[in-house]
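Fold and geometry: a report
As a plain string of letters, each chain reads:
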Amino acid sequence: DNPDFDAQTGLRFFAGAQAQYWLSGQMAVGLGAQYSGKGHGSHDDRAQGYLPVRYDYLDFQPTFEFKPWPFLGLFAGFNVGVLLSDYYTNGEDWFDLEVTDPESLDFGGLIGARVYWKNLYFKAHFNQGITPVERVTLTDENGQNLGESKSFNQTVQIGLGYLI
């Protein structure tokens, strides 16, 4: 626990498409692809201020869905994110991130639900990264290695979709 560092959440967006194959009236397998903006911010006394960071991913999401009722689908699956770009901001402009070297792939698990109404659905899911997207070596004021800090993506995504 570092009292000088305080991680913050960020608000981003996603957009994508998903193909599903229904195995029965209640079970389906699917594969989704989406652009997903993720990131975080931190207050670091040593960096003298707030540093928002944004990661842009192309996510591939194989899922399994179960519909216990016609209006409700419960799903789980995996997330494989390919890093497209990474930025930080000084509060006015976004810049290429040169402070850290984020991992190019983000692997995670996801679980969520869909509520169906005619051809529309409301979707919410939680995505927990299982591999670190960022590793930072921590040192003291003398440069002595204190270990490694790892950051994992952890997102809640809420969306509205249309069935064709």
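Cut-offs used in this document
- Residues numbered from 1 in each chain as written.
- Predicted model: local features only at pLDDT ≥ 70, side-chain atom pairs only at ≥ 80, totals over all residues.
- Heavy atoms only, no water.
- Helix = DSSP H or I, 4+ residues; strand = E, 2+ residues; numbered from the N terminus.
- Buried < 20%, exposed > 50% of the residue type's maximum accessible area, 1.4 Å probe, protein only.
- Lys, Arg positive; Asp, Glu negative; His and termini not counted.
- Salt bridge = Lys/Arg side-chain N within 4 Å of Asp/Glu carboxyl O.
- Polar contact = N/O pair within 3.5 Å; in protein donor to acceptor, adjacent residues only side chain to side chain.
- Contact = heavy atoms within 4.5 Å.
- Core = buried A, V, L, I, M, F, W, Y, C linked by side-chain atoms within 4.5 Å.
- pLDDT = per-residue confidence, 0-100.
- Phe/Tyr/Trp six-rings, centres within 6.5 Å; stacked < 30°, edge-to-face > 60°.
- Lys NZ or Arg CZ within 6 Å of the ring centre and 35° of its normal.

Moving on, we get to the side chain of Lys67. Along the chain, Lys67 falls in strand β4 (residues 49-69). One buried charged residue, Lys67, forms no salt bridge at all, with the nearest opposite charge on Glu65 at 5.8 Å. Among the polar contacts made by the side chain of Lys67, one reaches the main-chain carbonyl oxygen of Pro70 at a distance of 3.3 Å. The contact partners of Lys67, leaving out residues within four places of it in the chain, are Trp22, Gln26, Leu72, Gly73 and Tyr116.

Looking now at the environment of Pro68. In this fold, Pro68 is placed in strand β4. Along the primary structure Pro68 and Gly25 are separated by 43 residues, whereas in three dimensions their C-alpha atoms are 9.6 Å apart. Ignoring sequence-local partners within four residues, the contact set of Pro68 consists of Gln26 and Leu74.

Turning our eyes to something else, we now look at the nonpolar core. Counting five residues, the largest nonpolar core is built from Val53, Tyr55, Tyr57, Leu83 and Val133. The biggest single contributor to this core is β4, with three residues.

The predicted model of the protein has a mean per-residue pLDDT of 82, with 76% of residues at 70 or higher. Across the protein, the secondary-structure element scoring lowest on mean pLDDT is strand β1 (residues 5-8), at 53, and the one scoring highest is strand β7 (residues 105-117), at 95. Scored below 50 in pLDDT, residues 1-5 makes eight contacts in the model with residues more than four places away or belonging to other chains.

Apart from glycine, the bulk of residues carry a negative phi angle, and the bulk of peptide bonds sit in the trans form. Backbone geometry at Lys118 places phi at a positive 55°, although glycine is not the residue there. Structurally, Lys118 can be placed in the loop between β7 and β8 (120-129). Judged by relative accessible area, Lys118 falls into the exposed class, the value being 68%.

This part is about the environment of Gly159. Looking at where Gly159 falls in the secondary structure, it is placed in strand β11 (residues 154-162). A relative accessible area of 17% places Gly159 in the buried class. For the pair Gly159 and Phe13, spaced 146 residues apart in the sequence, the C-alpha separation amounts to 9.2 Å. Once residues lying within four places of it in the same chain are set aside, the contact partners of Gly159 are Phe14, Tyr121, Phe122 and Lys123.

Applying the stated criterion across every chain yields a total of three aromatic pairs. Ring centres of Tyr55 and Tyr57 lie 6.5 Å apart, and the angle between their planes is 55°; on these two criteria the pair is classed as tilted. Here Tyr55 matches Tyr57 in class, with each residue buried. Taking 5.9 Å as the distance between ring centres and 50° as the angle between the ring planes, the aromatic pair formed by Tyr116 and Tyr121 counts as tilted. With relative accessibility at 10%, the residue Tyr116 sits in the buried group. If you follow Arg114 out to its NZ or CZ, it ends over the ring of Phe75, 4.6 Å from the centre.

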